[in-house]
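One-letter residues, chain by chain:
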Amino acid sequence: MNTRWQRRAAAHRRTAEALTLALLAALTVTGVLISWAVIPDPPLWPALALAVLACGTLHWRRTHPFAVLAATLLCTMGQGVLGYLLTPLLMGPLLAAQYTLSVYSRRRTTWYSVLTAAVATAATGLLFARLHDSLLLAVVNPTAWVLLSAVAGSYVRVRREYAAARAEHAAREREEEARHRVIQERMRIARELHDVVAHHLTLADVQASTAAHLATTHPDQALGIIGRLPQTTSAALRELKATVGLLRQDTDPDDGLNPAPGLGQLPALVDACRAAGLTVTVITGGESPRLTPILDLTAYRIIQEALTNVGKHAATRTARVRLAYTLHHLTLTVTNDMSPGRAVAAAGPKGGFGLISMRERAAAVGGTCYAGELAQGGFEVSCTLPLDSREDSFDESPAT
């Protein structure tokens, strides 16, 4: 049946059901008449009444499949007792009932029912058929048709179960993929907000602490630091507003948004750190290639977070940033001095997420990140990022 006829049948279900039962009744009556013409002197009207009764019970075959199968089996056996040859046309109601039960019932129930129907039809053909010289027509043929209808119904049931299982599996995969994307997006947002807020607030805290320390001894320097403090807080507000504004959009960002920060903004970052009282030295080795936006943003954020940690945890206000370019890798190294015995902030809920953020950013572009104390004293963050990474292989958006 093609798709158009299937749609019509679904739209006019009752009409299609009535036409199906009428056609089946006509075929069953035809089977009775053919068998009556072949077999000598069988009673006609009782067989026709049993055929009509069996076809009438098929109306409830989906709601009461066992009762309908029992009724059609008894009607078919009654026709066999009357001496009729159990042909596929005469057995039409029984075959339809067995098919429906096989479609809507469990496997064990299906085979119990088909075994009962097969044994009953075989016994009827063997004991009451008038063509005793042909066991093929009287016994094997009706039994085979009952088994065939059960096999066809079981096949349809398995196909439907398989399709339902595939649909359920696809739905679970879509839900899992959506959940994974939500988690990844939450992690990306958390990294961006952490880098923006932690960096600028740390610089503001350092400036305020330095100004308070110099207020009595060097008031001019303290006033100069306080004068630069609004620039730091304004920068924090601008980046935070841009990030939150991007998150509030219900569509993809367009070209009107500000470009993501990158190593091109490294001098401004160094100047902001110096305004907070940090001495930052930047050394570049090798020829700088054109970086992809993702890699450019990753390198900038790692350096930003490392300098933020210097402002929060370092014993001295000096840091050395080295960018080493090779043919296939960019190595970022941020080193600062640390007094002996000074504890390093642990990564986690109690110790902050700076180191975790740097490792996640490096891993997102296929790189590695190491952070730890040096043997000769001090603390170092060293990240190696691949330069030949493709931009479309990462799921982190560079726009902030």
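For clarity, every value in this text was computed on a predicted model and none was experimentally measured.

J.: Explanation requested: the overall build of the chain in the structure shown.
T.: Looking only at helices and strands, the chain has 11 helices and 5 strands in total. Expressed as a percentage of its 400 residues, the buried residues of the chain come to 39%. With an accessible surface of roughly 22800 Å², the chain has 61% of that area assigned to carbon and sulfur atoms.

J.: Explain the confidence of the model for the chain here, please?
T.: It should be kept in mind that the predicted coordinates are not to be read in detail where pLDDT is low. Summing up the model confidence of the chain, the mean pLDDT is 78 and the portion of residues at 70 or higher is 78%. Overall, residues 340–351 carries pLDDT values under 50, and its contacts beyond four positions in sequence, including any with other chains, amount to 18 contacts. Across residues 390–400 the pLDDT falls below 50, and counting only partners more than four positions away or on other chains, this stretch makes 32 contacts in the model.

J.: Help me out: how do you make sense of the layout of surface pockets in this one?
T.: Any space left empty among the atoms is revealed by the rolling of a water-sized probe across them. Roughly 700 Å³ of internal volume is contained in the largest pocket. Around the largest pocket sit 23 residues that line it, and Glu-17, Thr-20, Arg-61, Arg-62 and Tyr-99 are the ones nearest its centre. Mapped by element, the contributors of at least two residues to the lining of the largest pocket are α2 (13–38) and α5 (92–104). Among the elements that take part in the lining of the largest pocket, α2 stands out by supplying 8 residues, more than any other. Tallied by class, the residues present in the lining of the largest pocket amount to 12 nonpolar, 5 polar and 6 charged.

J.: Would you take a moment to explain the environment of Gly-372 for this structure?
T.: Looking at the secondary structure, you find Gly-372 in strand β4 (residues 368–373). Considered as a pair, Gly-372 and Ser-382 are 10 residues apart in the sequence and their alpha carbons are 9.0 Å apart. Other than its neighbours up to four places away in sequence, Gly-372 contacts Gly-378, Phe-379 and Glu-380.

J.: Even after reading the chapter, I still don't get the pairing of strand β5 (residues 379–386), so can you show me in this structure?
T.: Across a regular strand the side chains alternate sides, sitting on one face of the sheet and then on the other. Across the 8 residues of β5, 7 count as buried, placing the element largely inside the fold. Relative to β5, strand β3 (residues 329–336) runs antiparallel, the two sharing 8 bridges. Directly across from Thr-333, in β5, lies its bridge partner Ser-382. Across 6 bridges, β4 lies against β5 in antiparallel orientation. Within β5, the residue paired with Thr-368 across the bridge is Thr-384. The hairpin turn running from β4 into β5, its antiparallel successor, is 5 residues long, and Gly-377 in that turn takes a positive phi close to 105 degrees.

J.: Any chance you could explain a nonpolar patch on the surface here in plain terms?
T.: Side chains of Leu-23, Leu-27, Ile-34, Val-38 and Leu-89 sit close together on the surface and give an oily, nonpolar patch of about 440 Å² of accessible area. With respect to the secondary-structure elements, Val-38 resides in helix α2.

J.: Would you mind going over the nonpolar core with me for this structure?
T.: Note that soluble globular proteins tend to have their nonpolar side chains buried in a common cluster. Counting 37 residues, the largest nonpolar core has Leu-263, Ile-303, Leu-307, Leu-323, Leu-330, Leu-332 and Val-381 as the members making the most contacts within it. Ranked by residues supplied to this core, first place goes to helix α10 (residues 293–313) with 9 residues. Excluding its chain neighbours within four sequence positions, the residues that come into contact with Leu-307 are Leu-269, Cys-273, Leu-278, Val-280, Ala-319, Val-321 and Val-334. Core analysis: the second largest hydrophobic core is formed by 24 residues, Leu-44, Tyr-84, Leu-90 and Val-146 among them.

J.: Could you clarify how one ought to interpret the packing of α2 against helix α3 (residues 44–57) in this entry?
T.: Geometrically, a packed helix pair is captured by the angle between its two axes and the distance between the axes. Closest axis-to-axis distance for the α2/α3 pair is 9 Å, and the angle between their directions is 155 degrees. In terms of axis orientation, α2 runs roughly antiparallel to α3. Handedness of the α2/α3 crossing: right-handed. When α2 is examined against α3, the residues Leu-21, Leu-24, Ala-25, Thr-28, Val-29, Val-32, Leu-33 and Trp-36 are found in contact with a partner set consisting of Leu-44, Ala-47, Leu-48, Ala-51 and Cys-55. Of the residues that constitute the contact of α2 with α3, the class distribution is 12 nonpolar, 1 polar and no charged.

J.: Would you take a moment to explain α2 for this structure?
T.: Working note: α-helix, 3.6 residues per turn, so residues spaced by three or four point in the same direction. Here α2 contains 26 residues, and its C-alpha end-to-end distance of 38 Å stays within 8% of the 38 Å for a straight helix at 1.5 Å per residue. When α2 is considered as a whole, its buried residues turn out to be Glu-17, Leu-21, Leu-24, Thr-28, Gly-31, Val-32 and Ser-35.

J.: Can you help me understand the state of the cysteines in this one?
T.: Should the sulfur atoms of two cysteines be covalently bonded, the bond is a disulfide. The full count for this structure, using the stated rule, is 0 disulfides. Considering cysteine sulfurs only, Cys-55 is the nearest to Cys-75, which forms no disulfide, with 9.1 Å between them. According to the relative accessible area criterion, Cys-75 is buried, its value standing at 7%.

J.: Teacher, can you tell me more about the sheet that holds strand β2 (residues 318–325) here?
T.: By definition, the strands of a sheet pair up through backbone hydrogen bonds, in either a parallel or an antiparallel sense. The 5 strands are arranged β1-β2-β3-β5-β4 in an open sheet whose pairing can be described as mixed. Each end of this open sheet is capped by a strand with a single partner; those strands are β1 (279–285) and β4. Here the average twist between neighbouring strands, direction ignored, is 10 degrees. Bridge analysis of β1 against β2 gives 7 bridges, and the strand direction is parallel.

J.: For this particular structure, what's the right way to read the pairing of β3?
T.: Burial within β3 is extensive, with 6 of its 8 residues counted as buried. Taken together, the 6 bridges between β2 and β3 define a ladder with antiparallel strand orientation. Considered in β3, the bridge of Tyr-325 is made with Leu-330. Linking β2 to β3, which pair antiparallel, is a turn of 3 residues.

J.: Just to check I follow, could you spell out the side chain of Ser-35 for this structure?
T.: By secondary structure assignment, the location of Ser-35 is in helix α2. On the accessibility criterion, Ser-35 (3% relative accessible area) is buried. The contacts of Ser-35, once residues within four sequence positions are left out, are Tyr-84, Leu-85 and Leu-90.

Reading the values: rules and limits
- Residues numbered from 1 in each chain as written.
- Predicted model: local features only at pLDDT ≥ 70, side-chain atom pairs only at ≥ 80, totals over all residues.
- Heavy atoms only, no water.
- Helix = DSSP H or I, 4+ residues; strand = E, 2+ residues; numbered from the N terminus.
- Buried < 20%, exposed > 50% of the residue type's maximum accessible area, 1.4 Å probe, protein only.
- Areas by Shrake-Rupley, 256 points an atom, 1.4 Å probe, with all protein chains shown as cover.
- pLDDT = per-residue confidence, 0-100.
- Contact = heavy atoms within 4.5 Å.
- 1 Å grid on protein atoms, 1.4 Å probe; cavity = no way out; pocket = protein on both sides within 12 Å on 5 of 7 lines; lining within 4 Å.
- Points joined across faces, edges and corners; volume = space filled by probe spheres on them.
- Nonpolar A, V, L, I, M, F, W, Y, C, P; charged D, E, K, R; others polar.
- Pairing = 2+ DSSP bridges.
- Patch = residues over 30% accessible without salt bridge, like charges linked within 9 Å, V, L, I, M, F, W, Y side chains within 5 Å.
- Salt bridge = Lys/Arg side-chain N within 4 Å of Asp/Glu carboxyl O.
- Core = buried A, V, L, I, M, F, W, Y, C linked by side-chain atoms within 4.5 Å.
- Axes fitted to C-alpha atoms, helices over the stretch in contact; angles between N-to-C directions.
- Parallel < 35°, antiparallel > 145°, perpendicular 65-115°, else oblique.
- Left-handed = near helix turned anticlockwise from the far one by under 90°.
- Expected span 1.5 Å × (residues − 1).
- Disulfide = S-S within 2.5 Å.

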